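The primary structure of each chain is shown beneath.
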Amino acid sequence: MSFKYKVLSLDGGGIRGIIPAIILQEIERRTKKRIWQLFDLIAGTSTGGFLAMILTMPNPENKNVALYEMEDIINMYREDGKHIFHEPVLERLTEVDDLLRPKYPSEGREKVAKKYFHDAVLEDALTNVFVTSYDIQIRLPVFFINNPKFQRHTGTSFRKLCTDYKMIEAAMATTAAPTYFEPYKLPMRGGFDNDDYALVDGAIFANNPTALAIVEAIIYSQNHGEELHLEDILVTSLGTGALTRRFPYEQAVNWGKLQWLQPLINLFLDGASEVANYQLKQLLPDAQNIDKQYYRFQKELTEANDDLDDTTEKNIELLEKAARSIIQEKDGELDKLCEQLLVNSK
């Protein structure tokens, strides 16, 4: 079966984004095509949003080709992760500081984002992108997209931003994880009042943005005057490792607000990803088994640390090991997926 539209969805997960990056490198190796050539839409949250844009970042000297190779992107996690999650020694004096302010300053994250995105604008993305964030002032989801025809400035339940916005701005917004980083302040443009967005990581409502990506695929097609049904969409969803850390009842039974804070974030993000996966499995069953329509590549992190900010060399090695394990265990599925992706690819 030839699918009309192909969607790639990338979960949030901080440094664990190296897992989907390695899987994407394997897809490129098997297809001999770049990721942006294989998918009509790439959606991402947090580190997945960062990936969505860096995968579609055009070369300034030839805007029809991607600037970065997959190895460059994987090395970004290996080498630049420690600069993103960098805690100045002199600034952190007591444990109380962790409760009163973000764990990390945003300067390191911004420096890395500038290094990779320069002044690229969203409209230059090589294929459709959809990146999530949330505004804590106007209390609405804010989506960064690459096609100005589809932005809706007056949405009462969301906003879509494109014109005049840069990839670096979307990257900073989607990775502003609460408790880890401060909200990202971004001026409103395009006819709004002289106000600012206060944006945080879209993981607070869509750590796994696959369902949103499917809706966007249908919207994009309709706006192009094309009829697209659910069964016409091939969906690939990449996780960043399922969390396995347990919180025993004997400990949690007496927790208050402070003790619940960090575990609650971990539980919420992992739970949201797996609920989305469950919904998609029901919505996109194995098509009576003619052609598989929904692929989810995910693995429990039994060895690697599931913290999104563990950038130690040892943990990076274990995350890479987890990615290679997924590739080995899902070898047949990857082959089938690659075969389907090559049909009518760019």
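Residues numbered from 1 in each chain as written. Predicted model: local features only at pLDDT ≥ 70, side-chain atom pairs only at ≥ 80, totals over all residues. Heavy atoms only, no water.

Asker: Before we move on, can you summarise the overall build of the protein chain with the specific residues and values?
Answerer: Helix and strand counts for the protein chain come out as 13 helices and 11 strands. Since a compact globule built from 346 residues should have a radius of gyration of about 20 Å, the 19 Å found for the protein chain is in line with a globular shape. When its C-alpha atoms are laid out on the principal axes, the protein chain stretches across 60 × 50 × 40 Å. Within the span of the protein chain, comprising 346 residues, buried residues form 55% of the whole. Of the contacts formed within the protein chain by residues at least 6 apart in sequence, a portion of 74% connects residues at least 24 apart. Of the roughly 16,200 Å² of accessible surface on the protein chain, a fraction of 51% belongs to carbon and sulfur atoms. A gap of 1 Å separates the mean positions of the 39 positive and 52 negative side-chain charges of the protein chain. (Helix = DSSP H or I, 4+ residues; strand = E, 2+ residues; numbered from the N terminus. Rg over C-alpha atoms; globule rule 2.2 N^0.38 Å. Buried < 20%, exposed > 50% of the residue type's maximum accessible area, 1.4 Å probe, protein only. Contact = heavy atoms within 4.5 Å. Areas by Shrake-Rupley, 256 points an atom, 1.4 Å probe, with all protein chains shown as cover. Lys, Arg positive; Asp, Glu negative; His and termini not counted. Charge placed at Lys NZ, Arg CZ, Asp CG, Glu CD.)

Asker: Residue-level account of the nonpolar core, with values.
Answerer: Ile27, Ile73, Phe117 and Phe144 are the most contacted members of the largest nonpolar core, which has 77 residues in total. In terms of nonpolar packing, the next biggest core, distinct from the first, is built from 19 residues, Ala43, Phe150, Ala213 and Val235 among them. (Core = buried A, V, L, I, M, F, W, Y, C linked by side-chain atoms within 4.5 Å.)

Asker: Help me get a handle on the packing of aromatic side chains, residues and values and all.
Answerer: Across all of its chains, the model carries 12 aromatic pairs by this definition. Ring centres 6.4 Å apart and planes at 35 degrees place the aromatic pair phenylalanine 143 and phenylalanine 158 in the tilted group. Residue phenylalanine 143 is found in strand E6 (residues 140-145), and its partner phenylalanine 158 is found in the loop between E6 and strand E7 (159-161); the two are separated by 15 residues along the sequence. For phenylalanine 158, a relative accessible area of 21% puts it in the partly exposed group. Look at tyrosine 295 and phenylalanine 297: their rings are 6.3 Å apart centre to centre, the planes differ by 15 degrees, and that puts the pair in the stacked class. (Phe/Tyr/Trp six-rings, centres within 6.5 Å; stacked < 30°, edge-to-face > 60°.)

Asker: Let's hear about the pairing of strand E4 (residues 62-66): which residues, and what values?
Answerer: Note: strand E3 (residues 58-59) against E4, 2 bridges, orientation antiparallel. Paired with proline 58 across the two strands is alanine 66, which belongs to E4. Counting the residues that bridge the hairpin from E3 to E4 gives 2 residues. (Pairing = 2+ DSSP bridges.)

Asker: Go over helix H6 (residues 107-117) with me, naming the residues and quoting the values.
Answerer: All buried positions along H6 are accounted for by Gly108, Arg109, Val112, Ala113, Tyr116 and Phe117. Down the axis of H6, the sector holding all buried residues measures 145 degrees, keeping them to one side. Of the residues in H6, the exposed ones pointing more than 90 degrees away from the buried face are Glu107 and Lys111. The inward-facing, buried residues of H6 abut helix H3 (47-55), helix H4 (70-84) and helix H7 (167-174). Two residues or fewer past H6, histidine 118 is found with a positive phi of approximately 50 degrees. (Arc of directions from axis to C-beta.)

Asker: Which residues make up the pattern of salt bridges, and what values do they have?
Answerer: Evaluated as defined, the whole model comprises 22 salt bridges. One salt bridge connects lysine 330 with glutamate 333, and the closest N-O pair in it is separated by 3.8 Å. Relative accessible area serves as the criterion here: at 26%, glutamate 333 is assigned to the partly exposed category. In the salt-bridge network here, residues are joined through shared partners; they are Glu26, Arg29, Arg30, Asp331 and Asp335. (Salt bridge = Lys/Arg side-chain N within 4 Å of Asp/Glu carboxyl O.)

Asker: Give me the lowdown on the environment of leucine 161, citing residues and values where you can.
Answerer: The residue leucine 161 is located in strand E7 in this model. Each C-alpha atom of the pair leucine 161 and phenylalanine 150 lies 9.0 Å from the other, and the pair is 11 residues apart in sequence.

Asker: So what's going on with the environment of histidine 118? Which residues, and what values?
Answerer: Here histidine 118 lies in the loop between H6 and strand E5 (128-135). The exposure class assigned to histidine 118 is partly exposed, which follows from its relative accessible area of 41%. Note: C-alpha distance between histidine 118 and isoleucine 22 (96 residues apart in sequence) is 24 Å. Excluding residues that lie within four positions of it along the chain, histidine 118 makes contacts with Met57, Leu67, Tyr68, Ala113 and Ile168. Of note is the side chain of histidine 118, whose polar atom sits 3.4 Å from the backbone oxygen of lysine 115. (Polar contact = N/O pair within 3.5 Å; in protein donor to acceptor, adjacent residues only side chain to side chain.)

Asker: Which residues make up helix H13 (residues 331-341), and what values go with them?
Answerer: The set of residues buried in H13 consists of Leu334, Leu337, Cys338, Gln340 and Leu341. Angularly, the buried residues of H13 cover 160 degrees about the axis, an arc narrow enough to put them on a single face.

Asker: Give me the lowdown on the pairing of E6, citing residues and values where you can.
Answerer: For E6, a buried count of 6 out of 6 residues is recorded, marking the element as mostly surrounded by other parts of the structure. Burial along E6 is two-sided: the face carrying Leu140, Val142 and Phe144 and the face carrying Pro141, Phe143 and Ile145 are both buried. Pairing analysis gives 6 bridges linking E5 to E6, with the strands arranged antiparallel. Counterpart to tyrosine 134 in the pairing with E6 is proline 141. Between E5 and E6, which pair antiparallel and follow one another directly, the connecting turn spans 4 residues, one of which, arginine 139, has a positive phi of 55 degrees. Bridging between E6 and E7 involves 3 bridges; their strand directions are parallel. Counterpart to phenylalanine 144 in the pairing with E7 is leucine 161.

Worth remembering: the numbers are spatial, not functional.
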